Amino acid sequence: MNKINKIKKDLQIKTSEDLFDISDQPKEQCPLINEVISQLVDKSKEVKDVWQNLRDVEEAESYLSTLDWAEYNIRNLERNMEEIRTNVEKLRAWGEEWKDFAKQLVIDRQDFFDFVASKHQIKLEELSEPCS
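Residues numbered from 1 in each chain as written. Predicted model: local features only at pLDDT ≥ 70, side-chain atom pairs only at ≥ 80, totals over all residues. Heavy atoms only, no water.

Engineer: Kindly report on the side chain of His120, identifying the contributing residues and their values.
Structural biologist: Here His120 is to be found in the loop between helix 4 (61-108) and helix 5 (121-128). Here Asp18 takes part through its backbone oxygen, which lies 3.2 Å from a polar atom of the side chain of His120. Non-local contacts of His120, meaning those with residues more than four positions away in its chain, are made with Leu11, Ile13, Asp18 and Leu19. (Helix = DSSP H or I, 4+ residues; strand = E, 2+ residues; numbered from the N terminus. Polar contact = N/O pair within 3.5 Å; in protein donor to acceptor, adjacent residues only side chain to side chain. Contact = heavy atoms within 4.5 Å.)

Engineer: I'd like a description of the packing of aromatic side chains, backed by residues and values.
Structural biologist: On inspection of all chains with the given rule, the structure shows one aromatic pair. Note on Trp98 and Phe101: the rings are 5.7 Å apart at their centroids and 85 degrees apart in plane angle, and the pair reads as edge-to-face. Of the two residues, Trp98 and Phe101 both sit in helix 4, three residues apart, roughly one turn of that helix. By relative accessible area, which is 49% here, Trp98 ends up partly exposed. The partly exposed category is assigned to Phe101, whose relative accessible area is 45%. In this arrangement the basic side chain of Lys48 is found over the ring face of Trp51, its NZ or CZ atom lying 4.9 Å from the centre. (Phe/Tyr/Trp six-rings, centres within 6.5 Å; stacked < 30°, edge-to-face > 60°. Buried < 20%, exposed > 50% of the residue type's maximum accessible area, 1.4 Å probe, protein only. Lys NZ or Arg CZ within 6 Å of the ring centre and 35° of its normal.)

Engineer: Which residues make up the environment of Phe115, and what values do they have?
Structural biologist: Following the sequence through the fold, Phe115 ends up in the loop between helix 4 and helix 5. Overall, the relative accessible area of 37% leaves Phe115 in the partly exposed class. Sequence separation between Phe115 and Leu54 is 61 residues; the distance between their C-alpha atoms is 66 Å. With sequence-adjacent residues up to four places away left out, Phe115 is seen in contact with Phe20, Val106 and Arg109.

Spelled out as structure tokens, the structure:
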């Protein structure tokens, strides 16, 4: 068990973020992106259905190209959402690499109590005092 995990255990702290008073890692965004993509697919189908229903109506001819354009652009938003997903995943991985690097720097120090969040300092000092 490394020093950070030992202190987390001793202080009954679940995360390194809490130990060092750093904001929690943002939640995964894939479920939200999946929901947006699903809505885009549904809206694209709705626009396509309207286009299909109006294509034989002479009075609606002027709207058909606009509907076709709208449906095409809604479908293209799905590709944009996939690009956002990829970038978010890369950003999370990048942040995790920095977190691991920073934790290793802390572990490599002889004494890293000065890094521990001040809200845990008193309890940490009590744990490190020799028994009388």
